[in-house]
Amino acid sequence: MRVTLSRKAHFNAAHRLYRKDWTFEQNDAVFGKCNNPNFHGHNYELIVSVTGEIDKETGYVLDVKFLTDIIKEEVEDKFDHKNLNLDVPEFQDLNPTAENIVVVIWNKIRKKVKLDLDLEVVLYETPRNFVTYKGE
């Protein structure tokens, strides 16, 4: 039996959407108010889901405490109350769009979760705008 276990999390972060190799006018045309040189912030909501077989001995797909700890260490501790452009090394040369953020988070968590478990990450940038990544 394959079952999906999900854990919700939350972090607040600021960012600016822009390309360093474009003029301000080009960035403004593409990214609009998200290109604000003084940055802007979001209250991100995150759902991390793992799918796999139920372990016959424990009854778990994955210990939720283990998943909680991974999310805290790899996402909350590194992203919460940070400026993604300035404080998070992964975004020094990567535009911190929701699409890029969800892939970075997925890659961080994937390294800690057994490969026989499917992993899906959903990131809400706003209550109405969200992205989903399940790996390549």
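This structure is a prediction, so every number in the text was calculated from the model and none was measured. For every chain, the first residue of its written sequence is number 1, and the numbers climb from 1 along that sequence. Per-residue local features are limited, in this predicted model, to residues with pLDDT of at least 70; the limit for side-chain atom pairs, both in listing and counting, is 80 or more; totals at the level of whole chains, interfaces and linings are taken over all residues. The side-chain values count all of the structure's non-hydrogen atoms but skip hydrogen atoms and water molecules.

With that settled, the discussion passes to the side chain of His-40. Going along the chain from the N terminus, every DSSP run of H or I of four or more residues is numbered as a helix, and every run of E of two or more is numbered as a strand. By secondary structure assignment, the location of His-40 is in strand E2 (residues 40-53). Counted as a polar contact is a pair of N or O atoms within 3.5 Å, where, for protein atoms, one must be capable of donating a hydrogen and the other of accepting one, and residues adjacent in sequence contribute only when both atoms are in side chains. Polar contacts involving the side chain of His-40 include one to the side chain of His-42, which spans 3.3 Å. The criterion used for residue contact is that any of the two residues' heavy atoms lie within 4.5 Å. Contacts of His-40, omitting those with residues within four sequence positions, involve Ala-13, Ala-14, His-15, Lys-33 and Cys-34.

Here the focus is a nonpolar patch on the surface. Like charges within 9 Å and nonpolar side chains (Val, Leu, Ile, Met, Phe, Trp, Tyr) within 5 Å are joined into patches, using only residues over 30% in relative accessible area that form no salt bridge. Here the open area of atoms and residues is found with the Shrake-Rupley method and a 1.4 Å probe, where only the protein chains shown may cover a residue. Here, a salt bridge means any side-chain nitrogen of Lys or Arg that lies within 4 Å of a carboxyl oxygen of Asp or Glu. Among the surface-exposed residues, Met-1, Val-3 and Ile-54 lie close enough to one another that they form a single nonpolar patch of about 280 Å² accessible area. The residue Met-1 is located in the segment before strand E1 (2-15) in this model.

Positive phi values are uncommon outside glycine, yet Phe-39 reaches one of about 75°. Take Phe-39: it is sitting in the loop between helix H1 (24-31) and E2. Even without a glycine there, the phi angle at His-81 is positive, about 55°. For His-81, the position within the fold is in the loop between helix H2 (64-79) and strand E3 (82-83).

Each aromatic pair joins two rings of Phe, Tyr and Trp (for Trp, the six-membered one) with centres within 6.5 Å, and gets the label stacked for planes under 30 degrees apart, edge-to-face for over 60, and tilted for any other angle. With the rule as written, the count across this model stands at six aromatic pairs. Judged by centre distance (4.8 Å) and plane angle (15°), the rings of Phe-11 and Tyr-44 are stacked. With Phe-11 in strand E1 and Tyr-44 in strand E2, the pair connects residues that are 33 residues apart, well separated along the chain. For the exposure calls, accessible area comes from a 1.4 Å probe over protein chains only, and a residue counts as buried if that area is under 20% of its type's maximum, exposed if over 50%, partly exposed in between. Exposure remark for Phe-11: the relative accessible area of 1% places this residue in the buried category. Its relative accessible area of 0% is what places Tyr-44 among the buried residues. Here the aromatic cluster, defined as three or more aromatic residues joined through ring pairs, consists of Phe-11, Tyr-44, Phe-79 and Phe-91. We count a charge as sitting over a ring when the NZ of a lysine or the CZ of an arginine lies within 6 Å of the ring centre and within 35 degrees of the ring normal. In this structure, Arg-16 packs its charged tip against the face of Tyr-18, placed 3.9 Å from the ring centre.

Let us look at the environment of Leu-46. With respect to the secondary-structure elements, Leu-46 resides in strand E2. When the C-alpha positions of Leu-46 and Lys-8 are compared, they lie 5.5 Å apart, and in sequence the two are 38 residues distant. Not counting chain neighbours up to four residues away, the residues in contact with Leu-46 comprise Arg-7, Lys-8, Ala-9, Ile-71, Val-75, Ile-105, Val-121, Val-122 and Leu-123.

As a further point, take the packing of H2 against helix H4 (residues 98-110). For every element, the axis is a line fit to its C-alpha atoms; helices are fit only across the contacting stretch, and the angle between N-to-C directions ranges from 0 to 180 degrees. Relative to each other, H2 and H4 sit at 140°, their axes nearing to 9 Å. If you check the angle between H2 and H4, you find them oblique. The two elements H2 and H4 cross, and the hand of that crossing is right-handed. Facing H2, whose interface residues are Ile-70, Ile-71, Glu-74, Val-75, Lys-78 and Phe-79, H4 presents Ile-101, Val-104, Ile-105, Lys-108 and Ile-109. Basically, the charged four are Asp, Glu, Lys and Arg, the nonpolar ten are Ala, Val, Leu, Ile, Met, Phe, Trp, Tyr, Cys and Pro, and anything else, Gly included, counts as polar. Considered class by class, the residues forming the contact of H2 with H4 number eight nonpolar, no polar and three charged. Between 65 and 115 degrees an angle is taken as roughly perpendicular, under 35 as roughly parallel, over 145 as roughly antiparallel, and anywhere else as oblique. Definitions for this section: a left-handed crossing has its near helix turned counterclockwise from the far helix by less than a right angle. A right-handed crossing has that turn clockwise.

With respect to the helices and strands, the residue Asn-12 is situated in strand E1. When residues no more than four places from it in sequence are discounted, the contact partners of Asn-12 are His-42, Asn-43, Phe-79, Asp-80, His-81 and Lys-82.

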